[in-house]
Amino acid sequence: ETGVTQSPTHLIKTRGQQVTLRCSSQSGHNTVSWYQQALGQGPQFIFQYYREEENGRGNFPPRFSGLQFPNYSSELNVNALELDDSALYLCASSLGGTSGGSFKEQFFGPGTRLTVL
Amino acid sequence: AQSVTQLGSHVSVSEGALVLLRCNYSSSVPPYLFWYVQYPNQGLQLLLKYTTGATLVKGINGFEAEFKKSETSFHLTKPSAHMSDAAEYFCAVSWNTGNQFYFGTGTSLTVIP
């Protein structure tokens, strides 16, 4: 069973640029959630995708957008990068979205470290 | 607003001593509760979780936590600290069955030899 993978591992961009981060979910999982973890902070929920549609969003501006593909892998896109976007971006996969009434455990990838200069 | 509070951003214990990391949530509705560990330059690893059933939950690496509804707490303990326990620990909650997690700001655990 393959775990959650993310690419790239590290990335350096300049203010105003755009970036795309990628996540491959664990085998069999159809739900992907993205989190931003600033230095010294806990992860903050950005959004979740379930079966290729956005299924919940945290308090992030529209310049943070995402996609989920038919194979359930996902991308996080950030436009007009700001210095405060520098963070570790974590992807987590799970099975089933929010339906069914039972808890759906999330499995986290190792993250992508984004530095904005 | 619903939130998670971890008291103590840094905790130091001697090797072999009790580990106690505190977590409180603010909500009248009991959430699902989790503890994650993060080693340097790595992602999050689930230590243990409470969803339903017994309020004392045992996890990996000898950790356990007890859900106390009256205190809105989910403190993490380990009877005897090991050097390999040095890491960042995050408490997280969720109020639905698979959507977003709310994380605390983390507690950095140092184990002194």
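Keep in mind it's a predicted model, so treat the numbers as computed, not measured. (Residues numbered from 1 in each chain as written. Chains lettered and ligands numbered in written order. Predicted model: local features only at pLDDT ≥ 70, side-chain atom pairs only at ≥ 80, totals over all residues. Heavy atoms only, no water.)

Caption draft 1: Quick look at the packing of aromatic side chains. Within the structure shown, the criterion is met by 16 aromatic pairs over all chains. The interplanar angle of 80° and the centroid separation of 6.1 Å between the aromatic rings of Phe 108 of chain A and Phe 103 of chain B together place this pair among those described as edge-to-face. Here the residue Phe 108 of chain A occupies a position in strand E10 (residues 107-108), and Phe 103 of chain B occupies one in strand E11 (residues 102-103), the pair thus bridging two chains. You can call Phe 108 of chain A buried: its relative accessible area is 11%. The buried category is assigned to Phe 103 of chain B, whose relative accessible area is 11%. Here Phe 90 of chain B and Phe 103 of chain B contribute two aromatic rings whose centre-to-centre distance is 6.5 Å and whose plane-to-plane angle is 85°, an arrangement assigned as edge-to-face. Of this pair, Phe 90 of chain B sits in strand E10 (residues 87-94) while Phe 103 of chain B sits in strand E11, placing them 13 residues apart in sequence. Accessibility assignment for this pair places Phe 90 of chain B and Phe 103 of chain B in one class, buried. (Phe/Tyr/Trp six-rings, centres within 6.5 Å; stacked < 30°, edge-to-face > 60°. Helix = DSSP H or I, 4+ residues; strand = E, 2+ residues; numbered from the N terminus. Buried < 20%, exposed > 50% of the residue type's maximum accessible area, 1.4 Å probe, protein only.)

Caption draft 2: Region of interest: the nonpolar core. Counting residues in each nonpolar core, the largest one holds 26 residues, and the members touching the most others are Trp 35, Leu 47, Leu 48, Phe 74, Leu 76 and Tyr 89 of chain B. Elements represented by at least two residues in this core include exactly strand E2 (10-14), strand E3 (19-21), strand E5 (32-38), strand E6 (44-50), strand E8 (64-68), strand E9 (73-78), E10 and strand E12 (107-112) of chain B. The leading source of residues in this core is E10 of chain B, at 4 residues. Filtering out sequence-adjacent residues up to four positions away, Phe 74 of chain B remains in contact with Cys 23, Leu 33, Phe 34, Trp 35, Leu 48, Lys 49, Tyr 50, Ala 65, Glu 66 and Phe 67 of chain B. With 19 residues, the next largest nonpolar core counts Leu 21, Ile 46, Tyr 49 and Leu 114 of chain A among its residues. (Core = buried A, V, L, I, M, F, W, Y, C linked by side-chain atoms within 4.5 Å. Contact = heavy atoms within 4.5 Å.)

Caption draft 3: Main features of the interface of chain A and chain B. Contacts between the two partners involve 24 residues from chain A, matched on the other side by 19 residues from chain B. Summed over both sides, the interface between chain A and chain B buries roughly 1700 Å², with carbon and sulfur atoms accounting for 54% of that surface. In this assembly, chain A and chain B are joined by 0 salt bridges. Our count for the chain A to chain B interface comes out at 2 residue pairs in polar contact (both at pLDDT 80 or more). Broken down by secondary-structure element, the contributors of at least two residues to the side of chain A that touches chain B are strand E4 (31-37), strand E5 (44-50), strand E6 (53-57) and strand E9 (87-94) of chain A. At 3 residues, the largest contribution of residues to the side of chain A that touches chain B is made by E6 of chain A. The residue makeup of the side of chain A that touches chain B, split by class, is 8 nonpolar, 13 polar and 3 charged. (Buried area = accessible area lost by both parts, 1.4 Å probe. Salt bridge = Lys/Arg side-chain N within 4 Å of Asp/Glu carboxyl O. Polar contact = N/O pair within 3.5 Å; in protein donor to acceptor, adjacent residues only side chain to side chain. Nonpolar A, V, L, I, M, F, W, Y, C, P; charged D, E, K, R; others polar.)

Caption draft 4: Region of interest: the layout of surface pockets. Taken as a whole, the largest pocket holds about 470 Å³ of empty space. Taken together, 24 residues form the lining of the largest pocket, with Gln 37, Leu 88 and Arg 113 of chain A together with Gln 38 and Asn 41 of chain B sitting closest to its centre. For the lining of the largest pocket, the class distribution of residues is 7 nonpolar, 15 polar and 2 charged. A volume near 360 Å³ is recorded for the second largest pocket. For the second largest pocket, the lining is made up of 19 residues, of which Pro 43, Gln 44 and Phe 45 of chain A together with Tyr 102 and Phe 103 of chain B are closest to its centre. (1 Å grid on protein atoms, 1.4 Å probe; cavity = no way out; pocket = protein on both sides within 12 Å on 5 of 7 lines; lining within 4 Å. Points joined across faces, edges and corners; volume = space filled by probe spheres on them.)

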